[in-house]
Every structure is written in C-alpha cells, then in structure tokens.
Amino acid sequence: MLEEEVVKALKQADVEAFVSELEAPAEAKYGDVAYPCFKLARQTGKSPNELAKEITEKIRIPEKSSLASAEVVGGYVNFFFDWEKLAGKVLQDALEKHYGRAEKIKKEKIMVEFSQPNPVHPMHVGHARTTFLGESLSNILELQGHKVFRTNYMNDVGLQVAKLVTAYNLWGKGKEPKGKPDFWLWQYYVKFHEESKSNPELEQQAHENLKKFELEKDKAISKIWKQITKWCIQGFEETYKKVGIKFDEYFFESEFRDDGKKLVDKLLKNNFAHKTDDGAIVADLEKFGIPSTVILRSDGTGLYITSDLGLTAHKFSKYKLNKSIWVVSSQQNLNFKQLFKLLELLGYSWYKNCFHVSFEHVVLPEGKMSSREGRAVMLDEVIEALTKSALKEVKKRDKKLSEEKAKEIAEKIAIGALKYSVVRIEPNDQIVFDWNQMLSFTGNTGPYLQYAHTRCAGILERSGNFLQEFSVDKISSEEKNLLKQIMMFPNVISQSAKEMKPHIVCNYLYELATIFNNFYESVPVLKSEGSMKNFRLTLVQATKNVLRIGLNLIGVEAPDKM
RNA sequence: GCCCGCGUAGCUCAGUUUGGAUAGAGCAGCUCCCUUCUAAGGAGAAGGUCGAGGGUUCAAAUCCCUCCGUGGGCACCA
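Residues numbered from 1 in each chain as written. Chains lettered and ligands numbered in written order. Predicted model: local features only at pLDDT ≥ 70, side-chain atom pairs only at ≥ 80, totals over all residues. Heavy atoms only, no water.

With respect to the overall build of chain A
- Tallying secondary structure elements over chain A gives 19 helices and 13 strands in all.
- Based on the C-alpha atoms only, the size of chain A along its principal axes is roughly 85 × 65 × 40 Å.
- Within the span of chain A, comprising 562 residues, buried residues form 53% of the whole.
- Summarising the internal contacts of chain A: among those between residues at least 6 apart in sequence, 74% fall at separations of at least 24.
- Element-wise, carbon and sulfur atoms account for 49% of the exposed surface of chain A, whose accessible area totals about 26700 Å².
- Taken as two groups, the 81 positive and 76 negative side-chain charges of chain A have centres that lie 3 Å from each other. (Helix = DSSP H or I, 4+ residues; strand = E, 2+ residues; numbered from the N terminus. Buried < 20%, exposed > 50% of the residue type's maximum accessible area, 1.4 Å probe, protein only. Contact = heavy atoms within 4.5 Å. Areas by Shrake-Rupley, 256 points an atom, 1.4 Å probe, with all protein chains shown as cover. Lys, Arg positive; Asp, Glu negative; His and termini not counted. Charge placed at Lys NZ, Arg CZ, Asp CG, Glu CD.)

Digging into the state of the cysteines
- According to the stated counting rule, one finds 0 disulfides in the structure shown.
- The thiol of cysteine 456 is unpaired, and the distance to the nearest cysteine sulfur, on cysteine 506, comes to 18 Å. (Disulfide = S-S within 2.5 Å.)

Considering the sheet that holds strand E10 (residues 323–329)
- The parallel open sheet is built from 5 strands, whose spatial order is E6-E5-E4-E10-E11. With partners counted over all chains shown, the strands left at the sheet margins are strand E6 (249–252) and strand E11 (354–359), one partner each. Each neighbouring strand pair of the sheet contributes to a mean axis angle of 25°, computed without reference to strand direction.
- The sheet contact formed by strand E4 (residues 109–113) and strand E5 (residues 147–154) spans 5 bridges and is parallel. Bridged to methionine 111 within E5 is phenylalanine 149.
- Its contacts with the sheet place helix H9 (residues 219–242) against E5 and E6, and it is angled at close to 150° to E6. (Pairing = 2+ DSSP bridges. Axes fitted to C-alpha atoms, helices over the stretch in contact; angles between N-to-C directions.)

Quick look at unusual backbone geometry
- At lysine 320, a position not held by glycine, the phi torsion is positive, near 50°.
- Along the chain, the position of lysine 320 falls in the loop between helix H11 (304–319) and E10.
- Look at methionine 500: it is not a glycine, yet its phi comes out positive at around 55°.
- Summarising the element assignment, methionine 500 is placed in the loop between helix H17 (477–499) and helix H18 (503–522).

A short note on the pattern of salt bridges
- Scanning the model with the defined rule gives 32 salt bridges in all.
- Of the charged contacts, one joins lysine 46 and glutamate 54 as a salt bridge, the two residues approaching to 3.2 Å between their closest N and O atoms.
- Owing to a relative accessible area of 37%, lysine 46 belongs among the partly exposed residues under this scheme.
- Residue glutamate 54 is classed as partly exposed on the basis of its relative accessible area of 30%. (Salt bridge = Lys/Arg side-chain N within 4 Å of Asp/Glu carboxyl O.)

A closer look at the pairing of strand E3 (residues 76–81)
- Within E3, 5 of the 6 residues are buried, which leaves it mostly tucked inside the rest of the structure.
- Sheet analysis places strand E1 (residues 33–36) next to E3, joined by 4 bridges and oriented antiparallel. Directly across from alanine 34, in E3, lies its bridge partner asparagine 78.
- With 6 bridges joining them, strand E2 (residues 67–73) and E3 adopt antiparallel strand pairing. Across the sheet, valine 73 pairs through a bridge with tyrosine 76, a residue of E3.
- Counted along the chain from E2 to the antiparallel partner E3, the turn is 2 residues long, and its residue glycine 74 has a positive phi close to 60°.

Looking at the protein's contact with RNA strand B
- Contacts to RNA strand B come from 71 residues, most closely from Glu27, Tyr76, Arg297, Asn335 and Arg397.
- A breakdown of the atoms of RNA strand B within 4 Å of the protein gives sugar and phosphate a share of 64%.
- Measuring from a sugar or linking oxygen of RNA strand B, one finds a backbone N or O atom of asparagine 444 at 3.3 Å.
- For the surface near RNA strand B, the element with the most residues is H18, which contributes 7 residues.
- In terms of residue class, the surface near RNA strand B is made up of 31 nonpolar, 21 polar and 19 charged. (Near = heavy atom within 4 Å. Polar contact = N/O pair within 3.5 Å; in protein donor to acceptor, adjacent residues only side chain to side chain. Nonpolar A, V, L, I, M, F, W, Y, C, P; charged D, E, K, R; others polar.)

Focus on H17
- Between its terminal C-alpha atoms H17 stretches 32 Å, which fits the 33 Å expected from 23 residues at 1.5 Å a residue.
- Maximal helix bending in H17 amounts to about 40°, located at phenylalanine 489; proline proline 490 follows within four positions.
- Where H17 is buried, its residues touch helix H4 (83–94), helix H5 (125–144), H18 and helix H19 (530–553).
- Once H17 finishes, methionine 500 follows within two positions and takes phi at roughly 55°, a positive value. (Expected span 1.5 Å × (residues − 1). Bend = angle between axes of the 7 residues up to and from the residue.)

Section: the environment of glutamate 381
- Within the secondary structure, glutamate 381 is located in helix H13 (residues 379–397).
- Sequence-wise, glutamate 381 and histidine 124 are 257 residues apart; in three dimensions their C-alpha atoms are separated by 8.7 Å.
- Dropping the residues within four chain positions of it, glutamate 381 is found in contact with Ala376 and Trp435.

Re the domain arrangement of chain A
- Partitioning chain A into domains gives domain 1 (2–81), domain 2 (114–254 + 319–363) and domain 3 (379–553).
- Centre-to-centre, using C-alpha coordinates, domain 1 lies 55 Å away from domain 2. (Domains from an automatic or database assignment.)

Focus on helix H16 (residues 446–463)
- Taking 1.5 Å of rise per residue, the 18 residues of H16 would be expected to cover 26 Å, and the 26 Å separating its terminal C-alpha atoms lies within 8% of that figure.
- In terms of burial, H16 is largely enclosed, as 14 of its 18 residues are buried.
- Phi turns positive one or two residues past the end of H16, at glycine 464, with a value near 70°.

Quick notes on the packing of aromatic side chains
- Scanning the model with the defined rule gives 28 aromatic pairs in all.
- Geometrically, the ring pair formed by phenylalanine 247 and tyrosine 250 is edge-to-face, given 5.7 Å between the ring centres and 65° between the ring planes.
- Of the residues examined, phenylalanine 247 reaches a relative accessible area of 14% and is grouped as buried.
- Ring-pair connections join several aromatic residues into one group, and the members of that group are Phe114, Tyr240, Phe247, Tyr250 and Phe252.
- The side chain of lysine 266 reaches across the aromatic face of tyrosine 348, ending 6.0 Å from its centre. (Phe/Tyr/Trp six-rings, centres within 6.5 Å; stacked < 30°, edge-to-face > 60°. Lys NZ or Arg CZ within 6 Å of the ring centre and 35° of its normal.)

With respect to the packing of H4 against H17
- Running from N to C, H4 and H17 cross one another at 45°; their axes reach a closest spacing of 10 Å. By the angle class used here, H4 and H17 are oblique. Seen from above, H4 lies across H17 with left-handed handedness. Contacts between H4 and H17 pair Trp83, Ala87, Val90, Leu91 and Ala94 from the former with Lys480, Leu483, Lys484, Ile486 and Met487 from the latter.
- For the contact of H4 with H17, the residue count by class is 8 nonpolar, no polar and 2 charged. (Parallel < 35°, antiparallel > 145°, perpendicular 65-115°, else oblique. Left-handed = near helix turned anticlockwise from the far one by under 90°.)

Below, the structure is given as structure tokens:
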C-alpha cells in the first residue's frame, strides 16, 4: 500500500516504476523504501546519481500522503515514511487477535501430512524435523485463513513392521511392554538386525509374516501385528503430548493397500505399467524422464507407493481438498515425483495440487543416525535433558517460585528451545545435531524470543490499566524500527506460506525480538509520561501480540514470566 | 555414471527464487554495562579469497558454464 504511494509519487515525477522494483534500503538511516535508478540511467544515458537527483527534485509529496520525504543517496531515491501518521494504523492492526491473516486470498482446504514415524522404534531427532516443520506450516496456513487438516500416516504394513513382529514372536512372545512402549519394542527391532547378520533366514521369515498379514489375513499374526503397532503409537502419543502436537486424523497404511492395488490394476490396464517375468508390476515412467519403479511386489504384496496411491485418492475425495502437502525428507524426492506422475496418469486432475515439502536430514556429528543399529538421539531424551536444564535456569532466576510453577515454565522453555532450533533452519540444509547448541538458551534461540515476550508482559503488568494511544507528535528511531518490523508481519506470513518455509517466520521473530530489546534498553516506557507513555505501552502491547502469534506459529508458547 | 540438495567468519546459520548501497546474526574468545521496565539482555572491538575458475552486467554470495568437495536418490526398503 505504501509502496503504491511511492510508485504514484514517482509517476508524478515522470518515472514509470513498479512495486517490484522498489527495495528495502540497506540501512534504516537511508530511508524506508528505495528506488534504484540504475536501469533507467542506462536507458536514458544519464548517470544514476544525476538521474536520482532530477527525479527527487520533481517529486511532490501530496498533503495527505503517508510519505514524508525523498532523498538522494548515490543512485537511489530514498523515501521516508511519515511514521507519526502511520503509527495508528499499524498499531490498530497489530493488536488484532489474528494479525497476519491474509485478506485477499482464496480460502482453501489443505491437508498437511507430517511426522509419519515408523511404528517400530521411538522417534529420534530426525523425526523432529518433519513433526515441527509440519506443525508450523499447518499453523501458518491456518493463520492465513485456510482450513487445515493435520494428519499423521502410520506405515503399519511395511517390511520393517514385519521384522519387528518376527522379532517379537521369536524373543518376546506374550510379553507386555515395560516403560514407554516404543522404547521397549525398539530393543526387539535392534535385535532383529543384529541377529539377521548371522542368520539370513530371519529376513525370509519377515517376508513370510508380511504375506501372512497382508495377503492371507492370518488371524494370529494380525492380532500380534495390530497389538505391536498399537503399543508403538501409544508411545508416540506420549511424545506428541509433551510437545503439544495434535493430529486431526491418523491414516494407517494397512487400510489403503487394497485401494492402492486397485489403482495398480488400472495403471496396468491403461498400459502405464507392465508385469515382469517374475510377476512384479512396474510403472513405466522412463518416457517421462523419471526412473521406472515397482508398484507391486512379485509376491503380490504392495509397497509404500502402492498404499500412497490409494491414500491420496482417498484424501482428495473424502476431504474435498484444494491442496495436499507432504512434509517428508528429501530422501523421498524421487518417490514423490513418481507418485505424483502416477496420479496424473490415473487421470486425477488434482495431481497438480500435491506438494512435497522436502527437507534434509538431521545427522549426528559422527554421521547418520540408524535406529536399527540403535544409534540415534531420541526425541524424548532431548526433551528430558532440555527440561532439566531449563528448570535449573528458572530456579536460579527466581528462588521463590513454587516447584510446580517452575516446572511449568521450564517445560515451555525447553519445548521452545527445541522447536525453534529445528524450525529455524532452512529445510534444504542438513542439520548437524549438537548437544551444546541444543541446550543453549542464549542468542538466536527460542528462549530469546520468549524472553522478549516476558519483557513486554512485565512492563504491561506493572503499568496496570491504561488508555491505548495511537498517535504521537514525535517518534524515536527505536519506536520507528519496531513499528516498521511489526508492519511487515503479514507480508512475512504470506511469503512463508507461499514458499512453505516456516523458517522465514523464525528469522522475522528473531529480528523483531532484537529490535524490541533495542527499544527496551533505550526507550523508557513506565517512566515516560502522559500520552507518550500510553503510546509506548500500546506499542509494547502490539509487540507482545505479534511475538505471541509468531511464537505460536512455530508451536512455541509465549510465557508472561520466565 | 545420471539426477537432486548443500558448500558464506574457528563453530552453527541468515541472505541466493526476484542481481544493487561498507556480505548479516548467534556461539566460542576479548572489552564494557545490573541502586534503572527481569542481564535468558544490551553496547563495542576482532574475526570473511561468500568452495575454485571462467563468463554475463554499470553492478554477482545471488544469473550462466566448467570443475572440486560433501550428503541423498537411481525397480520389488520406506
């Protein structure tokens, strides 16, 4: 909106400019919006600086405009906003409960599938990435005004479950989990891989069990199978509860395999796939520039992609989705390409509304994690260490706090630190898990943002009731910087939603917190007086609201005290 | 071999889609600031051949080409 005013002002100075050509100046002192004259200089043969001067001289800022002035620096025409005039509108907006909601977009039904832990071992820090990224993306889309379905998908029929079932039958039959069930079952999973090194028959047994379960629908195997996955999911739910994550729906692969097989048949009938000599069915994708892939095993059992065909069709028909998003690691980039191509070949027009949000792995300093070899840092373990460490810090700061209250705050800090540390990284970057960094509560961390929020809360608590004030005669640079950052929030949200990259919100919030801390250090609020005081209090309120909304977007709670 | 991601300060990362002003943070180390709205904070100094080499451009971390390093994928794992 302000950019449009700049474009208008330029037009009156005989310059045809577009909003997209405008830039944010490198430093605040240069102004609020810049128009670089280099391109035009080239066209007209003038020097950029000369041209910038000419343009600036011609510019007449209208009386009621939100622009204050224009200045020349080098080859730039720098515009300054009239912040005294703008402040009111910015503050009004920022105090809204759902500040950041997109106004002019089509509201869609969007399904976000994320987390998808294998029900054979506990979630490790690698799962944290899909889980927190998915949650955050969901929150962002929801804030924008979309209807979001958060779903989790359990691969409860794969070979890996067959392996666990085989192991349980051999070494744990009849036993019930002791402690957290996903951890308890993990031992059997690890043992299976250990033993199968010297005993290749185990692999065969697992395949046999898979056939019994999937094709023969063997009752005895099914019972154990279901029990085991149920136990594992119970373990997951405990973890989800700790990190405050809820799903609208769980999908189970076992329920979509048969649907998928029907679609495999259809692909075969329509000559998009062929049967090999040994009976496997292969989708022919080479002519589309994609490697071909097996979509049904020669023994008749399905694969991951088989079920996903069925499930995706189900998603779109049952929920009438406009979009379906999968938050899954980059390891499966090719598989999603293949899946989406197959859906296209099946004639589903919605195939173009399928999006794979890919991210790189979390690795340990010593290399890749391996759950089957028992070498992984588990999510519960990290949460526990963080909570313990946070509790120590909380108690150090406020010795009068009750144990219960201290624990409550420590948990918020721990989860905040965890989620922020994961979500803030650009998804295409690999994350190297580092305990020291994970346990840090200073600098660019979740607690830093939470702390800025508590500072706001502290001021407002001490101030008591006050009259909101939206205008002020003279604004300081610290106040201006804050307003400017607050004003950008909706743009940041829509960019983050458009690119499906929650880390953009993290970066924004870190900047907001830094700018606020700056304001906090140099602008007295409670010690100021009259309307100035009320204006600053209103500004603090607005900042607090944006921090709260933003933190919640990444699944982090904003405490008033810490 | 082919396809995809990544390579920016000692370490961990923003910035690259849409080329612009002296390349930004945090951590670690150094110097300061708590009788002041909570120091989980702030100020300052130091730290960079933006993997390498070419090219395009008035202007390249950003675009193009080649190469190197690294992680992942490439038919019955998921």
